[in-house]
Amino acid sequence: MNVILIGYMASGKSTIGKILANKLNYDFIDLDDYIEKEEQTSIVNIFKSKGEIYFRKLETAHLKTILTNKNNVVLSLGGGTPCYGNNMDVILNDNNSKSIYLKTGIPELVSRLKNEKSKRPLIAHIKTDDLLTEFIGKHLFERSQFYNLAEVKITTDNKTETDIVEELLLNLF
C-alpha cells in the first residue's frame, strides 16, 4: 500500500512523511524532489523558465508514474498537486493507495512559511505577514475542496510530530 500525504505547503507532509515511512519501513518520496531529480532542474527554475501550467503537467505525469511503478511508499505531494488536472481522481481511484490530508490552520502556516518564501515560488513575491495571511486564506479556501476529498483527515495544529504519526498509523491500519 502507498500512503499519499496531501495538504497546503508547510503542513508537514515531508517531515511527517519521512517519520511515517521510517516507522512503516517504506520508502519516502517527496514529489517535488522526485521531479527535480528526474528533470535535472529545480522547481523554481521550471516555474521561471516554462511556467506553472508546464509544471502542473509534469507533476501529473510523475505522480502517475510513481503510483504505477512503486509500492510501499509514503508519497508527499506538493500543495497544489491535488488541485490540478485529474490528480485527485487518480489518487482516489488507485486501489493501492490511501490519501491523507494534513490539515493545518492559517496562523500556523504563516508562522512556518514567512521565513522560507524564497524557496516557494507561489509566495516568493509576498512582502508582509498580513499579505501572506490573506494569500494563504484565499488559497486554502480554493484548495480545501480538493484536500477534503482525502480518505483520512488529520488536524496538525498543536500536535507533536509523534502524535500526528501515531494518529496516522491508527487511521491506516
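The rules behind the values
- Residues numbered from 1 in each chain as written.
- Predicted model: local features only at pLDDT ≥ 70, side-chain atom pairs only at ≥ 80, totals over all residues.
- Heavy atoms only, no water.
- Axes fitted to C-alpha atoms, helices over the stretch in contact; angles between N-to-C directions.
- Helix = DSSP H or I, 4+ residues; strand = E, 2+ residues; numbered from the N terminus.
- Parallel < 35°, antiparallel > 145°, perpendicular 65-115°, else oblique.
- Left-handed = near helix turned anticlockwise from the far one by under 90°.
- Contact = heavy atoms within 4.5 Å.
- Nonpolar A, V, L, I, M, F, W, Y, C, P; charged D, E, K, R; others polar.
- Pairing = 2+ DSSP bridges.
- 1 Å grid on protein atoms, 1.4 Å probe; cavity = no way out; pocket = protein on both sides within 12 Å on 5 of 7 lines; lining within 4 Å.
- Points joined across faces, edges and corners; volume = space filled by probe spheres on them.

Caption draft 1: Looking closely at the packing of helix H6 (residues 106–113) against helix H7 (residues 129–147). Taken N-terminus to C-terminus, the directions of H6 and H7 make an angle of 125°; their axes are 10 Å apart at the nearest point. Between H6 and H7, the crossing angle belongs to the class labelled oblique. The hand of the H6/H7 crossing is right-handed. Across from Ile106, Leu109, Val110 and Leu113 in H6, the residues of H7 making contact are Asp129, Leu132, Thr133, Ile136, Gly137 and Leu140. Broken down by class, the residue content of the contact of H6 with H7 amounts to seven nonpolar, two polar and one charged.

Caption draft 2: Examining the sheet that holds strand S1 (residues 2–6) more closely. Spatially, five strands are ordered S2-S3-S1-S4-S5 in an open sheet, and the strand pairing comes out parallel. In this open sheet, the two strands that pair with only one neighbour each are strand S2 (27–30) and strand S5 (152–155). Averaged over all pairs of adjacent strands, the angle between strand axes in this sheet comes to 20°, irrespective of strand direction. Looking at chain direction, strand S4 (residues 97–103) and S5 are connected through four bridges and run parallel. Following the sheet pairing, tyrosine 101 is matched in S5 by lysine 153. Across the sheet, helix H1 (residues 13–24) is in contact with S1, S2, strand S3 (73–76) and S4; its angle to S2 comes to roughly 165°.

Caption draft 3: Seen up close, the layout of surface pockets. The space that makes up the largest pocket amounts to roughly 800 Å³. Around the largest pocket sit 36 residues that line it, and Met9, Ala10, Lys13, Asp32 and Arg120 are the ones nearest its centre. Every element with two or more residues in the lining of the largest pocket is listed here: H1, helix H2 (31–39), helix H3 (43–50), helix H4 (52–69) and helix H8 (161–172). In terms of residue count, H1 provides more of the lining of the largest pocket than any other element does, four residues in total. Across the lining of the largest pocket, the residue classes break down as eleven nonpolar, eleven polar and 14 charged.

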